[in-house]
Amino acid sequence: MSKILIVDDEPNIVMTLEYAFRKQGFEVFIARDGSEALEILNKAIPNVVLLDIMMPNVDGYETLKKIKQNKVLENTKVVFLTAKNKMSDVEKGLALGADKYLTKPFSVKKIVSEIAELL
Amino acid sequence: MNNYLLISIIILYLAFLFLIAYSAEKRSRSKWVNNPIVYSLSLGIYCSAWTYYGSVGIVAKSGISYLPIYLGPVIASPLWIILLRKVIRISKQHKISSIADFISLRYGNNRFLGALVTVVCLFGILPYISLQLKAVSETFEIMADETSYVSTSILDDSTFYIAVLLAIFATFFGTQKPDASEKHKGIVMSVAFESIVKLLFFLVIGVYVTFYLFDGTTDIYNSISKTENFSSLIKINGLEGGVNWLFTTMLSFIAIFLLPRQFQVSVLENNREKYLKYAIWMFPLYLLLFNAFVLFVTWGGMLKFGTSVNPDYYTLFLPLENNNVFLASLVFLGGFSAVISMVVVSTLALSVMLSNNLIIPYGFLDKFSKGHPEKNATYIKNIRRISIFSIIILAYVIYYNFSIELSLVSIGLMAFLIISQLAPSFFIGLFWNRGSSKASIISIIVGFSVTFYTLILPFTIQAFTGSTGFIDHGLFGIGSLKPYSLFGIDFLTPVTHAFFWSMSLNTLCYLIFSLASKGHYRERNYAEMFVDSRNYTSLQDGALVWKGEAFVADIKSVLVKFLGEKRAERALNIFFEKYRIPKDTIMADARLINFSEKLLTGSIGSASARILIAGVVKEEQISLVEVLKILEESKDTIATNKQLREKSIQLTTLTNQLKQANVDLMGKDKQKDEFLDTVAHELKTPITGIRAATELLIDENDDMPPEIRAQFLNNMLQDSERLSRLIHNILDFEKLARGKNTLEIKLQDVQKGIKKSLTVVESLALKKGVIITNKNPHKFSVPHDEDRLVQVMTNLLTNAIKFCPEKQGEITLDYKLGNSHIEISVTDNGKGIPPEDIDHIFDKFYQSKDQNTRKPEGSGLGLAICKEIIEQHKGKIWVDKEYKKGARLVFKLPFE
């Protein structure tokens, strides 16, 4: 069973994604910001992380860097899911090593299929 | 007193003066040498032996008519601030070294004029110096034991040796440098010291006579008033006497400016202009003290001796009569001091004139232009040294041959009168640019001739032949040409009579010939500079109008002759630096010509300097019109430059403002971008929520549990509300920030607004169990927009409720009054605002990191809107950092 970590500070959005991925048979973990995510990551070692960028405390970019430095998380894919949709933002995100860059607002179905494709 | 003892005292005293002068030269930069007191005291040189002994003599003979001699200077001194300052400024600029130089320069370096002034000064001052020597000789005889002793040859006359010593003194300290415009600090210091000595000892003898020999001033007055003819001694003698007074006052007014020794100490030896501020009251005070006891000493002498002794020397006879030799010696030394200072400085001044304005320009220029620089300097010094000795010896010869005929007062006044012939050229020339050299020469000659005819000639004839025929009958027996009563004016004393005629004709000639003759362009040039000394400092070297061809190398070769290779090189370098001219410039311009003339003026006088420089340049004639045009242009240039500078400053300011505005704009642009980004992000968030939830709900294949369906629907509702609130706030904030939403500010009670806002948050507070206390429910009217105040209050209260602990929340609403504002505060007992957030909570979309991850109801704009509203009320909103038991937000509204 694939494990997914959803990192976002907006509970209403998290709720929809959680519902959709559970239904697809994912084991879903949830973090409300970067620092919470890093804690969970080490324990859960998910196959994929769905990462928002603009969050309090530790933001998405920082979190990605930490993931990339962590050997244990070598095989963990990271997908940004953010409202930042400028070309420069996308480039920056991919340059940092994200596997995909998806933008809000989103179609739940599309997110699910994008993630499935990645795994 | 023993002759030898007396001579020893004199020599000792001279040695002491030498020491003072010497140490002053050594420490020429010390504040003991350079201060306004020394300057003011040196002006006391005005009081010569004439004052020291002569005043008493006049009072004995003609009563209080001695006073006008001091009235003139007293009247003149307040004017020094304007007049003397101008003269000092010009003299410094041009390195002027004497009154002859000054007048000659004013009229375009006129060589003949300089020489004429020198001759006039010699005529006036030589007998005056003789007179001083006579005073020394006579007082020496009074003091010596062998009163009957009459010297039979020059060689055993002690006065001769004293004269030689004074000449040595003047030579030693007066000719150290070839540049005569350099200061003579040693001489000035000794003069200042002598001024103290003579005043002090004169006061001592005054007190001695008044309070020791007599029983105070009342005693003397009572005794003297019983003698006959007393009333004539204290009166002005009607209108005639009044006119005499007036003229004598005018005469002394002129003398205080123009006497060569006075010009020397007050102008040439002046170090700083600001000393004048002290001199204008110190000098009159000095004169006042000097005259304090004159009347009483004289009356005392008259009571004791009557006419049995020369009243000039009452001050010596009185103590001697009472066997007080010591006191008499002090008086003698005081008088001697008066003589020394007068003789030394007058001789110095005359010698400079003689060398720079007569001997050098008329005899030695060719020699100098061929000579070696060091030799030239020695030559100049030697000319001056010989001049000093010649003057003193000449004065001695005059004294020795005509001693009997000289009375202190008559010769003194005669000197004043002769010198005063320079007055029109000097004073009018300072303020009237039309005054020309021709007019100056003619007026001085005419004035001097009239003086000669009406005073010098008859005085001399009477003194030597004893005949009064010329005086009584006039030239060729023509009655209207009687020297003492020309054209029937017979009510004046000889001196004032001569003053009246000479000064009237002198001034008249000056005015008429100035108006009639146009004058050379060069003198008009200097006239402009002297008259307009206001612009003078700014014009400086550029003020000289000159047109022609000159090579820098030629000018340099002339400078080298007088300054030596090194100094000339240095001076030129300074010049080139100052005007930023390349050093290898070949052709000289007007500024260099002017600069070089100034450099030479101190050494050889302005006329010679001009002649020497003119010898190596090819000058073109310029018309007067052209001179005036160029002068006008240089003034215009200065004015234009000033305008340009101002404009440039304005431009710089504008540029800076523009730059700042640009930075501001760019900042604003960036802010706007960031704001839009944030807005977009904030809007996208609820939309994302709604869209995702809708998508899931709409899926017919999905068998979603009803409670999750309800949750999603509820979320959608929440997100919609959030969206509409956000849009509303953004629009509200934008309107406020752009000033589109004008406030409706009215004077009204704040309590109304407070109550409204309390009603708004009532249910919210109740739900969370928070108690809100309105601590100060009194009415108070402040100008404000009530709806906006409610908005602010509601926002603050909502925030407070949000951060209050559940069930135990307490919020206090309070206001207090300042002088011109009301301060409203909202205090809660929550966990307070983290220090790192305090400075940012009023920023747009700022949300504390410490907030609960469950996003609070806010839009991120609430406090930013509050701040905008309060600021539009010209108030202020802030966090009270001192308050630690929760959070306290305060805002104030002005009511004035």
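Residues numbered from 1 in each chain as written. Chains lettered and ligands numbered in written order. Predicted model: local features only at pLDDT ≥ 70, side-chain atom pairs only at ≥ 80, totals over all residues.

## Examining the overall build of chain B
Here is step 1 of the chain: Tallying secondary structure elements over chain B gives 34 helices and 9 strands in all.
Here is step 2 of the chain: Across the 896 residues in chain B, those meeting the buried criterion constitute 45%. (Helix = DSSP H or I, 4+ residues; strand = E, 2+ residues; numbered from the N terminus. Buried ≥ 20, exposed ≤ 12 C-beta atoms within 10 Å, placed from the backbone.)

## Considerations on the packing of helix α20 (residues 423-431) of chain B against helix α23 (residues 494-516) of chain B
Residue and element names in this part refer to chain B.
Here is step 1 of the chain: The interhelical angle for the contact between α20 and α23, taken along N-to-C directions, is 45°, at an axis separation of 9 Å. By the criterion of interaxial angle, the relationship of α20 to α23 is oblique. As for the relative orientation of α20 and α23, their crossing is right-handed in sense. Residue-level inspection shows Pro424, Ser425 and Ile428 of α20 in contact with α23, the latter providing Asn506, Thr507 and Tyr510.
Here is step 2 of the chain: A class-by-class count of the residues in the contact of α20 with α23 yields 3 nonpolar, 3 polar and no charged. (Axes fitted to C-alpha atoms, helices over the stretch in contact; angles between N-to-C directions. Parallel < 35°, antiparallel > 145°, perpendicular 65-115°, else oblique. Left-handed = near helix turned anticlockwise from the far one by under 90°. Contact = placed C-beta atoms within 7 Å. Nonpolar A, V, L, I, M, F, W, Y, C, P; charged D, E, K, R; others polar.)

## Thoughts on the sheet that holds strand β7 (residues 821-828) of chain B
All names here are of chain B.
Here is step 1 of the chain: Reading across the sheet, the 5 strands line up as β4-β6-β7-β9-β8 and stay open at both edges, with mixed pairing between neighbours. Edge strands, defined here as strands with exactly one partner in the open sheet, are β4 (771-774) and β8 (876-879). Across the sheet, the mean angle from the axis of one strand to that of its neighbour is 15°, orientation sign disregarded.
Here is step 2 of the chain: As paired strands, strand β6 (residues 810-817) and β7 are joined by 7 bridges and run antiparallel to one another. What sits directly across from aspartate 814, in β7, is serine 825. (Pairing = 2+ DSSP bridges.)

## Describing the pairing of strand β1 (residues 3-7) of chain A
Residues and elements named next belong to chain A.
Here is step 1 of the chain: Taken across its 5 residues, β1 has 4 buried, putting it largely inside the fold.
Here is step 2 of the chain: As paired elements, β1 and strand β2 (residues 27-31) share 5 bridges and run parallel to each other. Within the sheet, the bridge partner assigned to valine 7 lies in β2 and is alanine 31.
Here is step 3 of the chain: On the question of chirality, the crossover connecting β1 to the parallel β2 by way of helix α1 (residues 11-23) is right-handed.
Here is step 4 of the chain: Relative to strand β3 (residues 48-51), β1 runs parallel, the two being bridged by 4 bridges. In the strand pairing of β3, valine 7 is matched with leucine 51. (Right-handed = clockwise from strand over helix to strand, strands pointing away.)

## Some points on the packing of helix α32 (residues 786-803) of chain B against helix α34 (residues 862-872) of chain B
Residues and elements named next belong to chain B.
Here is step 1 of the chain: Packing of α32 against α34 brings their axes to within 10 Å, and their N-to-C directions diverge by 145°. As α32 runs across α34, the sense of the crossing is left-handed. Between α32 and α34, the contacting residues are Arg788, Gln791, Val792, Asn795, Leu796 and Asn799 on the first element and Gly862, Leu863, Cys866, Ile869 and Ile870 on the second.
Here is step 2 of the chain: Residues of the contact of α32 with α34, tallied by class, amount to 6 nonpolar, 4 polar and 1 charged.

## Considerations on the interface of chain B and chain A
For interface size, the figure often reported is the accessible area lost on association.
Here is step 1 of the chain: Counting residues at the interface gives 21 residues for chain B and 21 residues for chain A.
Here is step 2 of the chain: At the level of elements, α29 (624-698) and α30 (706-737) of chain B are the ones that each hand at least two residues to the side of chain B that touches chain A.
Here is step 3 of the chain: Sorting elements by how many residues they give to the side of chain B that touches chain A places α29 of chain B first, with 12 residues.
Here is step 4 of the chain: In terms of residue class, the side of chain B that touches chain A is made up of 6 nonpolar, 8 polar and 7 charged.

## So, the confidence of the model for chain B
All names here are of chain B.
Here is step 1 of the chain: Scored by pLDDT, chain B has a mean of 82; 87% of the residues are at 70 or more.
Here is step 2 of the chain: The low-confidence segment residues 849-856 (pLDDT under 50) makes 10 contacts with residues lying over four places distant or belonging to another chain.
Here is step 3 of the chain: Across the interface, the model reports ipTM at 0.93; the global pTM reads 0.61. (pLDDT = per-residue confidence, 0-100.)

## Considering the nonpolar core
All names here are of chain B.
Here is step 1 of the chain: Judged by nonpolar contacts, the single largest core of 186 residues is most densely connected at Leu166, Leu258, Leu417 and Leu422.
Here is step 2 of the chain: It is helix α17 (residues 325-370) that provides the largest number of residues to this core, a total of 22 residues.
Here is step 3 of the chain: Those residues in contact with leucine 166, other than ones at most four positions away along the chain, are Ile340, Val343, Val344 and Ile392.
Here is step 4 of the chain: In this structure, Val761, Ile772, Phe803 and Ala887 belong to the second largest nonpolar core, which totals 38 residues. (Core = buried A, V, L, I, M, F, W, Y, C linked by C-beta atoms within 7 Å.)

## Regarding unusual backbone geometry
Here is step 1 of the chain: The peptide bond linking lysine 104 of chain A to proline 105 of chain A adopts the cis configuration, its omega dihedral lying at -10°.
Here is step 2 of the chain: You can see proline 105 of chain A is positioned in the loop between β5 (100-103) and α5 (108-118).
Here is step 3 of the chain: Backbone geometry at isoleucine 45 of chain A places phi at a positive 40°, although glycine is not the residue there.
Here is step 4 of the chain: When you line up the elements, isoleucine 45 of chain A lands in the loop between α2 (34-44) and β3.
Here is step 5 of the chain: Positive phi, close to 50°, is recorded for asparagine 109 of chain B, a residue that is not glycine.
Here is step 6 of the chain: Here asparagine 109 of chain B shows up in the loop between α6 (99-106) and α7 (111-143).
Here is step 7 of the chain: Of the residues examined, asparagine 109 of chain B has 27 C-beta atoms within 10 Å and is grouped as buried.

## So, the sheet that holds β5 of chain A
Residue and element names in this part refer to chain A.
Here is step 1 of the chain: Spatial ordering of the open sheet is given by β2-β1-β3-β4-β5, a layout of 5 strands whose pairing is parallel. Both outer strands of the open sheet, β2 and β5, are each paired with one neighbouring strand and no more. Going from strand to strand, the sheet's axes swing by 20° on average, the running direction of each strand aside.
Here is step 2 of the chain: Against the sheet, α2 makes contact with β1 and β2, and its axis sits at roughly 170° relative to β1, the strand it touches most.

## Considering the pairing of β5 of chain A
Both faces of the sheet carry side chains from a regular strand, because those side chains alternate between them.
Here is step 1 of the chain: The sheet contact formed by strand β4 (residues 77-82) of chain A and β5 of chain A spans 4 bridges and is parallel. Within the sheet, the bridge partner assigned to phenylalanine 80 of chain A lies in β5 of chain A and is tyrosine 101 of chain A.

## Side note on helix α13 (residues 260-268) of chain B
Here is step 1 of the chain: Of all 9 residues in α13 of chain B, 9 are buried, a share of seventy percent or more.
Here is step 2 of the chain: Residues of α13 of chain B that are buried: Pro260, Arg261, Gln262, Phe263, Gln264, Val265, Ser266, Val267 and Leu268 of chain B.

## What to know about α34 of chain B
All names here are of chain B.
Here is step 1 of the chain: Most of α34 is tucked away: 9 of the 11 residues are buried.
Here is step 2 of the chain: Turning to α34, its buried residues number three or more, namely Gly862, Leu863, Ala864, Ile865, Cys866, Lys867, Glu868, Ile869 and Ile870.
Here is step 3 of the chain: Those residues of α34 that are buried are in contact with α30, α32, β8 and β9 (888-894).

## Considering the environment of histidine 873 of chain B
Residue and element names in this part refer to chain B.
Here is step 1 of the chain: With respect to the helices and strands, the residue histidine 873 is situated in the loop between α34 and β8.
Here is step 2 of the chain: Sequence separation of histidine 873 and histidine 784 is 89 residues, and the distance between their C-alpha atoms is 6.9 Å.
Here is step 3 of the chain: Excluding its chain neighbours within four sequence positions, the residues that come into contact with histidine 873 are His784 and Leu893.

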